[in-house]
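Descriptive structure summary
Each chain is listed here by its residues.
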Amino acid sequence: MSYHIYRKSLLFVGVAFTLCFSLLLQSACKKDEIDSNPSLKLAFSTDTIIFDTVFSTVGSVTQRLMVYNNTNSRLKISSIQLAGGTSSSYSINVDGTTGPAISDIELASGDSLFIFVRLTINPSNTNLPFIVEDSLHFLTNGNSQYIKLVAWGQDAWFHKPTYFPNNFPAYSVIKSDTIWSAMKPHVIYGWLVIDSAASLTIEPGAKIYFHNKGLMMVYREGALFVNGTVDEPVLFRNDRLDPYYKDLTDQWQGLWFSDGFKPSYLNNVILENGNLAIQADAPYISNEIPLILNNITIRNMATGGIAGNGSVITGSNISIANTGGYTLSLNGGFYQFNYLSSGNVWSSSVRENPSVIVKNYYQGQENNVIVDPSSVSIYNSVIWGNLQNELFIDQANEGSFTYSFDHCLIKTDINTSGNPSFTAVTTDKDPKFIDVQKYNLRPDTLSPLIGTGFYSEPYNDLDGNARRNPPSIGAFESTWPVK
């Protein structure tokens, strides 16, 4: 190749490179420039943000909205604002900036933007749920785009601490006989204490919500009466209803009947998502049964279902599912349960304790061991779970102790054959619950629970269905046709 041809080739390559570089530079510069073309629009992760039920004056969980620039140009969002303005129940945060309106946000091609939306509802003086609506308005190149904001809100009665001792959780006190209506939900912050010589009566259909680690305590010589019905049960649960927290355990502490409580009862009650649903200590001495539990559903508890420490409890139609420890822990005292369904397949952590624990002693407040004369009777009941042994019985050397299991299905490695404490007990069969993972402990069509109990009160099951004769073992009567 001659020198002149080589120079021309280099010159051509140089011109071509310069032209390409110039075009690329122009293209890059063009992408860096704000494009005001009105045909360009934003894209969003959703067109509607929905909040579950939020109580008035209580901030909700924060919801997230993603905003995308899927165009090939840089865009300027002239404004992002709540249609309701300063009167809106919602608030927004865009890149650390809060307010009802935020302006002049640039978004590069292919980039995205986080917007966080939060809601606080003011009391509306209404007893019924209400809808709180608004929208986010985006203005880009003259284009208006909207994201709907929808929430179910509800006014409630709030019970907040009025005492703040150094050596005790913050608490509020019920000092005289009180009735809680079901007209609106009750939301408890901290501990709520039913004081001595006072009682709390809860009407059918009431909903009791506990804020983080809240607890209801029946103090010495106090009493609690819960009057739920099959159609209108009383609900005790956590106050976070958004999806992540809705079924999370250990969000509230439970109901605690402390030492010296007066005769109380719970009828048709649901307790869920707490730590220990019901704890009863040594009761006030009287001629009445101290604690009566009828038609109780307990599910999703971090520690346990029902614990008695030197107490006296009778229970019927009890369903307890998914606890991190025991479903029943009966430690010294007198207990009688009929038609119990205990199904425990806890999988959130390693569960070491059997579902049902029966002892004639308990640990006192000063870590001393207290031995009580004890008697435990469990009839027409199923005790089952994912451990090899779901029943533990232990007796201190001193003190009287009797226990009996009659017409029960129990998953245990205890040799029940010929043992007078076990009558008509099956130990080697799966109860075939409909869906134990979803806390449904009703018997399936082929369940060995069907027709293997003995007929006794109560003659209706936890669902209100009449029991057959012979009845199904457990809290639920079979509704399948008799074969």
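These figures come from a predicted structure and were not determined experimentally. (Residues numbered from 1 in each chain as written. Predicted model: local features only at pLDDT ≥ 70, side-chain atom pairs only at ≥ 80, totals over all residues. Heavy atoms only, no water.)

Brief notes about the overall build of the protein chain
For clarity, the cut-off: Where helices and strands are cited, they refer to DSSP runs of H or I of at least four residues and of E of at least two residues respectively, numbered from the N terminus. The rule is simple: take the accessible area with a 1.4 Å probe, protein chains only, and divide by the maximum for that residue type; under 20% is buried, over 50% is exposed, in between is partly exposed. Note on contacts: a residue pair qualifies if any of its non-hydrogen atoms lie within 4.5 Å across the two residues. Computed by Shrake-Rupley with a 1.4 Å probe, the accessible areas treat only the displayed protein chains as cover when residues are assessed. His is not counted, nor are the chain ends; Lys and Arg add positive charge and Asp and Glu add negative charge. Every charge is mapped to an atom, namely NZ of Lys, CZ of Arg, CG of Asp or CD of Glu.
A tally of helices and strands in the protein chain yields two helices and 36 strands. Overall, the C-alpha framework of the protein chain stretches about 115 × 60 × 50 Å when taken along its three principal axes. Residues counted as buried form 47% of the 483 residues belonging to the protein chain. At a minimum sequence separation of 6, the contacts of the protein chain that also span at least 24 residues come to 62%. Put simply, the protein chain shows about 23,200 Å² of open surface, and 51% of that area lies on carbon and sulfur atoms. Separation between the mean location of the 31 positive side-chain charges and that of the 42 negative ones in the protein chain comes to 11 Å.

Comments concerning the confidence of the model for the protein chain
The following threshold applies: The pLDDT score gives, residue by residue, the confidence of the prediction method on a 0 to 100 scale.
Confidence in the prediction of the protein chain, expressed as mean pLDDT, is 90, and 93% of residues score 70 or more. Low pLDDT, under 50, characterises residues 2-17; the stretch is placed with one contact to residues that sit more than four places away or in other chains.

Description of unusual backbone geometry
That bond from Glu 457 to Pro 458 is cis: its omega, -5°, falls within 30 degrees of zero. Within the secondary structure, Pro 458 sits in the segment after strand E36 (440-443). Of the consecutive residues Asn 469 and Pro 470, the connecting peptide bond is found in the cis state with omega at 5°. One non-glycine residue with positive phi stands out, namely Asp 95, at about 50°. Among the structural elements, Asp 95 can be located in the loop between strand E5 (90-94) and strand E6 (97-99).

Thoughts on the sheet that holds strand E4 (residues 75-82)
How we decide: Here, strands pair whenever DSSP counts at least two bridges between them. Axis definition: a line fitted to C-alpha atoms, limited for helices to the stretch in contact. Angles are taken between N-to-C directions and run from 0 to 180 degrees.
With mixed pairing, the five strands of this open sheet are ordered in space as E2-E10-E9-E4-E7. Strand pairing shows two members of the sheet lacking a second neighbour, strand E2 (48-55) and strand E7 (101-107), which therefore form its edges. With direction set aside, neighbouring strand axes in the sheet form an average angle of 20°. Inspection of the sheet shows E4 paired to strand E9 (residues 130-140) by five bridges, in the antiparallel sense.

Comments concerning the sheet that holds strand E3 (residues 63-68)
Here five strands make up an open sheet; going across it, the order is E1-E3-E8-E5-E6 and the pairing antiparallel. Since the sheet does not close on itself, it has two edges, and those belong to strand E1 (43-44) and E6, each with one partner. Here two bridges tie E1 to E3, and the two strands are oriented antiparallel to one another. Within E3, the position partnered with Phe 44 by the bridge is Val 67.

Quick notes on the packing of aromatic side chains
Selection criterion: To pair, rings of Phe, Tyr and Trp, with the six-membered ring standing in for Trp, must have centres within 6.5 Å; the planes then decide the type, stacked if under 30 degrees apart, edge-to-face if over 60, and tilted in the middle. Charge-over-ring contacts are defined here by two conditions on Lys NZ or Arg CZ: a distance within 6 Å of the ring centre and an angle within 35 degrees of the ring normal.
For the coordinates displayed, the defined rule picks out 19 aromatic pairs. Their ring planes at 55° and their centres at 4.8 Å tell us that Phe 44 and Phe 138 sit as a pair that is tilted. Placement of Phe 44 in strand E1 and of Phe 138 in strand E9 is noted, with a sequence separation of 94 residues between them. Ring geometry for Phe 225 and Tyr 265: centres 5.2 Å apart, planes at 40°, overall tilted. Here Tyr 265 lies in strand E22 (residues 264-272) and Phe 225 lies in strand E19 (residues 223-227), a separation of 40 residues in the sequence. Connected via pairs of aromatic rings, a cluster forms that spans Tyr 163, Phe 168, Tyr 171, Trp 191 and Trp 256. Residue placement shows Lys 160 over the ring face of Tyr 189; its charged tip is 5.6 Å from the ring centre. Across the ring face of Tyr 284, the terminal group of Lys 262 is positioned such that the distance to the ring centre comes to 5.0 Å.

Concerning the side chain of Ser 355
For clarity, the threshold we go by: N or O atoms closer than or at 3.5 Å make up a polar contact, with two conditions inside protein: a donor-capable atom paired with an acceptor-capable one, and, for residues adjacent in sequence, both atoms drawn from side chains.
The residue Ser 355 is located in the loop between strand E26 (326-344) and strand E27 (356-359) in this model. With a relative accessible area of 0%, Ser 355 lands in the buried category. Within the structure, Ser 355 has its side chain in polar contact with the side chain of Arg 351 (distance 3.5 Å). A polar atom in the side chain of Ser 355 sits 2.7 Å from the side chain of Glu 390. Beyond its immediate chain neighbours, meaning those up to four positions away, Ser 355 contacts Tyr 326, Thr 327, Leu 328, Ser 342, Asn 344, Ile 383, Trp 384 and Glu 390.

Some details on the nonpolar core
Quick reminder of the rule: What makes a nonpolar core is a set of buried Ala, Val, Leu, Ile, Met, Phe, Trp, Tyr and Cys residues whose side-chain atoms join them at distances within 4.5 Å.
Grouped together as the largest cluster of nonpolar side chains are 53 residues, with contacts concentrated most on Met 216, Leu 224, Phe 236 and Leu 271. When sequence neighbours within four positions are dropped, the list of residues in contact with Leu 271 reads Phe 236, Trp 252, Leu 255, Ala 277, Ile 278, Ile 296, Thr 297, Ile 298, Arg 299 and Met 301.

Focus: the pattern of salt bridges
Heads up, the rule is: By convention in these notes, a salt bridge is any Lys or Arg side-chain nitrogen within 4 Å of a carboxyl oxygen on Asp or Glu.
Taken as a whole, this structure holds seven salt bridges when the rule is applied. Between Glu 106 and Arg 74 there is a salt bridge, and its shortest N-O distance comes to 3.1 Å. Taken as a pair, Glu 106 in strand E7 and Arg 74 in the loop between E3 and E4 lie far apart in primary sequence, 32 residues in all. Here Asp 155 and Lys 184 are joined by a salt bridge, their closest N and O atoms 3.4 Å apart. Of this pair, Asp 155 sits in the loop between strand E10 (143-154) and strand E11 (157-159) while Lys 184 sits in the loop between strand E13 (178-180) and strand E14 (186-188), and the two are 29 residues apart along the sequence. Both residues of the pair, Asp 155 and Lys 184, count as buried. Members of the salt-bridge network, linked through shared partners, are Arg 237, Glu 272 and Arg 299.

Re the pairing of strand E15 (residues 191-194)
Consecutive side chains of a regular strand alternate in pointing toward one face of the sheet and then the other. Along E15, one buried face is formed by Trp 191 and Val 193 and the opposite face, lined by Leu 192 and Ile 194, is buried too. In terms of strand pairing, strand E12 (residues 171-174) meets E15 through four bridges, oriented parallel. When the bridges of E15 are listed, Ile 174 appears paired with Ile 194. Bridge count between E15 and strand E18 (residues 214-218): four bridges; the pairing is parallel. Residue pairing for E18: Val 193 is matched across the bridge by Met 217.

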